[in-house]
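Remarks on the overall topology
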Amino acid sequence: MEHRRFRIVTVALDDKEEVREITAIVRSDTHKVITELVGDVAAVPRGSDGAELTVALPVETAIKLFRTCGQMTGRDPHHEHSSAIYDSLGHIYFGLIEVE
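Below: a short report on this structure. (Residues numbered from 1 in each chain as written. Predicted model: local features only at pLDDT ≥ 70, side-chain atom pairs only at ≥ 80, totals over all residues. Heavy atoms only, no water.)

Each helix and strand in the chain was counted, giving 3 helices and 4 strands. When the helices and strands of the chain are placed in sequence order, the string is β-β-α-β-β-α-α. The C-alpha radius of gyration computed for the chain amounts to 13 Å, which stays within 12% of the reference 13 Å derived for 100 residues, consistent with globular compactness. Burial analysis of the chain (100 residues in total) assigns 38% to the buried set. Of the accessible surface of the chain, which amounts to about 6100 Å², a share of 48% is contributed by carbon and sulfur atoms. Charged side chains in the chain number 11 positive and 17 negative. The centres of these two groups are separated by 6 Å. (Helix = DSSP H or I, 4+ residues; strand = E, 2+ residues; numbered from the N terminus. Rg over C-alpha atoms; globule rule 2.2 N^0.38 Å. Buried < 20%, exposed > 50% of the residue type's maximum accessible area, 1.4 Å probe, protein only. Areas by Shrake-Rupley, 256 points an atom, 1.4 Å probe, with all protein chains shown as cover. Lys, Arg positive; Asp, Glu negative; His and termini not counted. Charge placed at Lys NZ, Arg CZ, Asp CG, Glu CD.)

Here it is, written out as structure tokens:
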């Protein structure tokens with residue numbers, strides 16, 4: 001189930017009501033892909049098995065991740081993760097983030 005790889009659970013806004021941070025629940029294998037793509041992203045385990053993690057992405061990191069995933073093709077070994085990330089972040093990127 002792709003939507004279980006990367007699920008946005010909160011979007012934090014700043015005083016100007018612009019996106020400041022995105023919190024998502026990710027699978028541990030998806031977290032590994034995220035860190036490979038954008039660098040170290042802190043994660044907090046959910047539950048006792050460690051299969052799911054909570055990650056908080058500052059808006060700059062989320063935009064970088066979104067754009068990186070958007071450039072990946074189906075031939076990339078990370079595609080099963082990147083397509084789920086791109087789809088989820090796309091709702092935030094196109095709906096809430098004002099990009100200059």
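Don't stop here, the text continues.
Turning our eyes to something else, we now look at helix α2 (residues 59-70). Look at α2: 16 Å from first C-alpha to last across 12 residues, which is about the 16 Å you get at 1.5 Å a residue. Buried residues of α2: Val59, Ala62, Ile63, Leu65, Phe66 and Cys69, and no others. All buried residues of α2 lie within an arc of 165° about the axis, which places them on one face of the element. Taken together, the buried residues of α2 touch β1 (6-13), β2 (19-27), α1 (28-38), β4 (52-58) and α3 (79-95). (Expected span 1.5 Å × (residues − 1). Arc of directions from axis to C-beta. Contact = heavy atoms within 4.5 Å.)

Let us look at the side chain of threonine 23. Note on placement: threonine 23 falls in strand β2. Excluding its chain neighbours within four sequence positions, the residues that come into contact with threonine 23 are Arg7, Ile8, Val9, Thr10, Thr54, Val55 and Ala56.

Let us now look at the side chain of threonine 30. Structurally, threonine 30 is set in helix α1. Apart from residues no more than four positions distant in its own chain, threonine 30 is found in contact with Arg5, His81 and Ile85.

Let's shift gears to the pairing of β1. The pairing of β1 with β2 spans 7 bridges and is classified as antiparallel. By the bridge assignment for β2, threonine 10 is matched with threonine 23. Connecting β1 to the next strand, β2, in antiparallel fashion are 5 residues, including glutamate 17 with a positive phi near 60°. (Pairing = 2+ DSSP bridges.)

Let's shift gears to the pattern of salt bridges. Taken as a whole, this structure holds 6 salt bridges when the rule is applied. Notably, a salt bridge pairs glutamate 52 with arginine 7, separated by 2.8 Å at the nearest N-O pair. In this pair, glutamate 52 is assigned in strand β4 and arginine 7 in strand β1, connecting sequence segments 45 residues apart. By relative accessible area, which is 18% here, glutamate 52 ends up buried. (Salt bridge = Lys/Arg side-chain N within 4 Å of Asp/Glu carboxyl O.)

Interpretation in functional terms is not warranted from these geometric data alone.
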